[in-house]
Amino acid sequence: MGGGCCVSNHPIIDFITDIFCSDSCCVGNSSGPSESEQHAKKVAEELAEMKEKSEKSSTQTEQKIMDYINRSMDSFMIEIEKINQQDFFGEKLNINTKGIREKNEQLNNQVVGCISSVLNSRLVQTDKELSTILEERDEKKRKKNFSAFVEKVKKQALRKLRTEIEKTVKAQSEIVSKEIKTRQKEVDARMAESIKELTEIMEIKEKSESKLKKKQVDYMYQSALCDLILAEVEG
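Residues numbered from 1 in each chain as written. Predicted model: local features only at pLDDT ≥ 70, side-chain atom pairs only at ≥ 80, totals over all residues. Heavy atoms only, no water.

Caption draft 1: Summary view of the overall build of the protein. For the protein, the helix and strand inventory stands at six helices and zero strands. Along the protein, helices and strands appear, N-terminal first, in the series α-α-α-α-α-α. Burial statistics for the protein: of 235 residues in total, 23% are counted as buried. Restricting to contacts in the protein with at least 6 residues of sequence separation, those with at least 24 account for 69%. (Helix = DSSP H or I, 4+ residues; strand = E, 2+ residues; numbered from the N terminus. Buried < 20%, exposed > 50% of the residue type's maximum accessible area, 1.4 Å probe, protein only. Contact = heavy atoms within 4.5 Å.)

Written out as structure tokens, the structure reads:
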């Protein structure tokens, strides 16, 4: 008794179970996972492994980009500081370096996680293109196509990031250029005012000197006239 598929080690229960339990109820209980289940497990493992690998690679790429941007910014800021130290006819440009650095920080924030975000949104079994690749039963072919898919998506992410960086750098350059031009205009205006004041001073000086010369001539004439009169009187 109790030789059926559902054994409880109780004679009475085993007897009743043997009567009502057909052979079909226990089909597959002793066999391993099906081919579909094995494939699904492999795909899930490959996807998890690829996500981890892509995350690491993306982080390294983003860090390289950030390092390059920061090195370029440091070199640029050194030049800006040099300009700020220069004296333009008694005036300094005093370019807003704080605002420039804040813009650079915004650029860094755009870089961090950009590639990973794009990859993570595509490295899911619900992705139409990827799901077709993952259905491939040939493991070697599937892995090859999977790697090619990841590389393609990564390049798309890099192009997107490049576009964002170019837009931000352009906006940043315009801000810096505008800042320099604004400060130059202010300096030029003050210089023009100083030149105007200097010109007015020179004109006043010239007028004063002209008046002084006229007075001097008048005095000389009066002095000469007095001399003539005295000469006539004394003569």
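Caption draft 2: Up close: the nonpolar core. One finds Leu123, Leu130, Phe146, Phe149 and Val150 to be the most contacted residues of the largest nonpolar core, which totals 22 residues. Mapped onto this core, the elements with two or more residues apiece are helix 2 (35-85), helix 3 (97-111), helix 4 (114-122), helix 5 (128-134) and helix 6 (139-234). When residues in this core are grouped by element, the largest group, seven residues, is from helix 6. If sequence neighbours within four positions are ignored, Leu130 has contacts with Leu47, Arg122, Leu123, Val124, Phe146 and Phe149. Counting residues in each nonpolar core, the second largest holds nine residues, with Met77, Ile95, Ile100 and Val187 among its members. (Core = buried A, V, L, I, M, F, W, Y, C linked by side-chain atoms within 4.5 Å.)

Caption draft 3: Highlighting the environment of Val187. Locating Val187 in the fold gives a position in helix 6. Note on Val187: relative accessible area 2%, which makes it buried. Between the C-alpha atoms of Val187 and Leu93, which are 94 residues apart in sequence, the distance is 7.3 Å.

Caption draft 4: View of the pattern of salt bridges. Within this structure, the stated rule accounts for 10 salt bridges. For Glu35, the salt bridge identified is with Arg137, shortest N-O distance 3.2 Å. Of the two residues, Glu35 sits in helix 2 while Arg137 sits in the loop between helix 5 and helix 6, which places them 102 residues apart along the sequence. Residue class for Arg137 comes out partly exposed when judged on its relative accessible area of 44%. Of the charged contacts, one joins Glu129 and Lys152 as a salt bridge, the two residues approaching to 2.4 Å between their closest N and O atoms. (Salt bridge = Lys/Arg side-chain N within 4 Å of Asp/Glu carboxyl O.)

Nothing here speaks to function; it is geometry throughout.
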